[in-house]
Amino acid sequence: MNAVRRTGPGLLAWLAGIVFFLPIAWMALTSFHSEADAATNPPSFTAALTLDGYREFFGLSGGASPWPALINSTVASVASTLLVLLLALPAAYALSVNRVRKWTDVLFFFLSTKMLPVVAGLLPIYLFARNAGLLDNIWLLVLLYTSMNLPIAVWMMQSFLAEVPVAVIEAARVDGARLPVILARVIGPIALPGIAATALICFIFSWNELLFARVLTGVVAETAPVFLTGFITSQGLFLAKVCAASLVISLPVLAAGFAAQDKLVQGLSLGAVK
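Residues numbered from 1 in each chain as written. Predicted model: local features only at pLDDT ≥ 70, side-chain atom pairs only at ≥ 80, totals over all residues. Heavy atoms only, no water.

**Comments concerning the overall build of the protein**
Scanning the protein from terminus to terminus reveals 14 helices and 0 strands. Taken from N to C terminus, the helices and strands of the protein fall in the order α-α-α-α-α-α-α-α-α-α-α-α-α-α. The proportion of buried residues among the 274 residues of the protein is 38%. Of the contacts made within the protein by residues no fewer than 6 positions apart, 75% connect residues no fewer than 24 positions apart. In the structure as shown, the protein presents an accessible area of about 15,800 Å², 70% of it carried by carbon and sulfur atoms. (Helix = DSSP H or I, 4+ residues; strand = E, 2+ residues; numbered from the N terminus. Buried < 20%, exposed > 50% of the residue type's maximum accessible area, 1.4 Å probe, protein only. Contact = heavy atoms within 4.5 Å. Areas by Shrake-Rupley, 256 points an atom, 1.4 Å probe, with all protein chains shown as cover.)

**Some details on the packing of helix H10 (residues 192-208) against helix H13 (residues 239-259)**
The description of two helices packed together rests on the angle between their axes and the distance between the axes. In the contact formed by H10 and H13, the axes pass within 10 Å of each other and the chain directions differ by 175°. Classified by the angle between their axes, H10 and H13 sit roughly antiparallel to one another. In contact with Leu200, Phe203, Ile204 and Trp207 of H10, H13 contributes Ile249, Pro252, Val253, Ala256 and Gly257. Its residues assigned to classes, the contact of H10 with H13 comprises 8 nonpolar, 1 polar and no charged. (Axes fitted to C-alpha atoms, helices over the stretch in contact; angles between N-to-C directions. Parallel < 35°, antiparallel > 145°, perpendicular 65-115°, else oblique. Nonpolar A, V, L, I, M, F, W, Y, C, P; charged D, E, K, R; others polar.)

**Some points on a nonpolar patch on the surface**
On the surface, Trp67, Ile71, Val75 and Trp139 cluster together into a nonpolar patch covering about 440 Å² of accessible area. Take the nonpolar patch: its biggest share by element is 3 residues, from helix H4 (residues 67-96). Along the polypeptide, isoleucine 71 turns up in helix H4. (Patch = residues over 30% accessible without salt bridge, like charges linked within 9 Å, V, L, I, M, F, W, Y side chains within 5 Å. Salt bridge = Lys/Arg side-chain N within 4 Å of Asp/Glu carboxyl O.)

**Here's the deal with the packing of aromatic side chains**
Under the counting rule described, the total for this entry stands at 7 aromatic pairs. Geometrically, the ring pair formed by phenylalanine 227 and phenylalanine 231 is edge-to-face, given 5.3 Å between the ring centres and 85° between the ring planes. One exposure class covers both phenylalanine 227 and phenylalanine 231, and it is buried. Members of the aromatic cluster, joined through ring pairs, are Phe57, Phe58, Trp67, Phe227 and Phe231. (Phe/Tyr/Trp six-rings, centres within 6.5 Å; stacked < 30°, edge-to-face > 60°.)

**Considering the nonpolar core**
Ranked by size, the top nonpolar core spans 28 residues in total, and within it Met157, Leu161 and Ile187 carry the most contacts. Counting residues per element, the ones that place at least two in this core are H4, helix H5 (103-112), helix H7 (138-161), helix H8 (166-174), helix H9 (179-190) and H10. Top element by residues in this core is H4. It accounts for 7 residues. In contact with leucine 161, not counting residues within four places along its chain, are Leu89, Ala92, Tyr93, Ser96, Val97, Ile187 and Ala191. (Core = buried A, V, L, I, M, F, W, Y, C linked by side-chain atoms within 4.5 Å.)

**Let's talk about the side chain of glutamate 35**
Looking at where glutamate 35 falls in the secondary structure, it is placed in helix H2 (residues 35-38). Of note is the side chain of glutamate 35, whose polar atom sits 3.1 Å from the backbone nitrogen of leucine 239. At 3.1 Å, the side chain of glutamate 35 and the backbone nitrogen of alanine 240 are in polar contact. (Polar contact = N/O pair within 3.5 Å; in protein donor to acceptor, adjacent residues only side chain to side chain.)

**Some thoughts on the pattern of salt bridges**
Evaluated as defined, the whole model comprises 2 salt bridges. A salt bridge links aspartate 52 to arginine 55; the nearest nitrogen and oxygen atoms lie 2.9 Å apart. Note that aspartate 52 and arginine 55 are positioned in helix H3 (residues 52-57) at a spacing of 3 residues, about one turn of the helix. A residue is classified by how much of its surface remains accessible, and aspartate 52, at 37% relative accessible area, is partly exposed. Linking glutamate 56 and lysine 241 is a salt bridge whose minimum nitrogen-to-oxygen distance equals 3.3 Å. With glutamate 56 in helix H3 and lysine 241 in helix H13, this pair connects stretches of sequence that are 185 residues apart. Relative accessible area serves as the criterion here: at 18%, lysine 241 is assigned to the buried category.

**Here we look at H7**
Helix length check: H7, at 24 residues, gives a terminal C-alpha distance of 32 Å against a target of 34 Å (1.5 Å per residue), a fit within 8%. Along its length, H7 shows its largest kink, about 40°, at leucine 150, and proline proline 151 lies within four residues downstream of that point. In terms of burial, H7 is largely enclosed, as 17 of its 24 residues are buried. (Expected span 1.5 Å × (residues − 1). Bend = angle between axes of the 7 residues up to and from the residue.)

What follows is the structure, given as structure tokens:
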């Protein structure tokens, strides 16, 4: 009985991990099949493997190159994430360490901005971008992604910074450290796991965003998710090519999560996501 209690949670965790991993493994396997083999039902696990899907994705068979879209997604995601961290850290400091008046109302306001359906603001933003001459501009997406991710970043980092010992901050003030120094040299290293978790989540949200990128961009500022939708057509077979494109576009997020997994686990365990 005791052995079952000890091994039961571990087996359930492994089972849950396998269940979540199976769609990714299926997508990866399908990406190495030909379109005819990928379209079979039930799927053929013993079909011959090929790189045709990846050749078509990277434009080696005469199609469009994905590199401009991948670069645009990288610029929009990285730049917006850096801006979010730059703005969220002092805001979270004011709401957790050096609390302002009615700070709980401020936090609720930040959270309430995420309750508005994204599609409700699509038309006003489109009209503004058109009148300002910002359509098909990657920096418009950077601004939008920053404003969209800032509320959740402030909410998360507020709970992280609330775990920072006040005595450490007071000691830095006694030594004459000003707010920028306190944020960079005192709070930053202590809250690094929380900052990494916040940055990773903001990066994922920005990288995966499709609606605004689809409506507000064209050829110049096209992002990777928009480029991916171009492979879906009403005629012909496209499953293997879409799986290959999806796997390649997912790699930056998977790589970022793998690189920051230790900081992410530490950060989430501090209480950012409960």
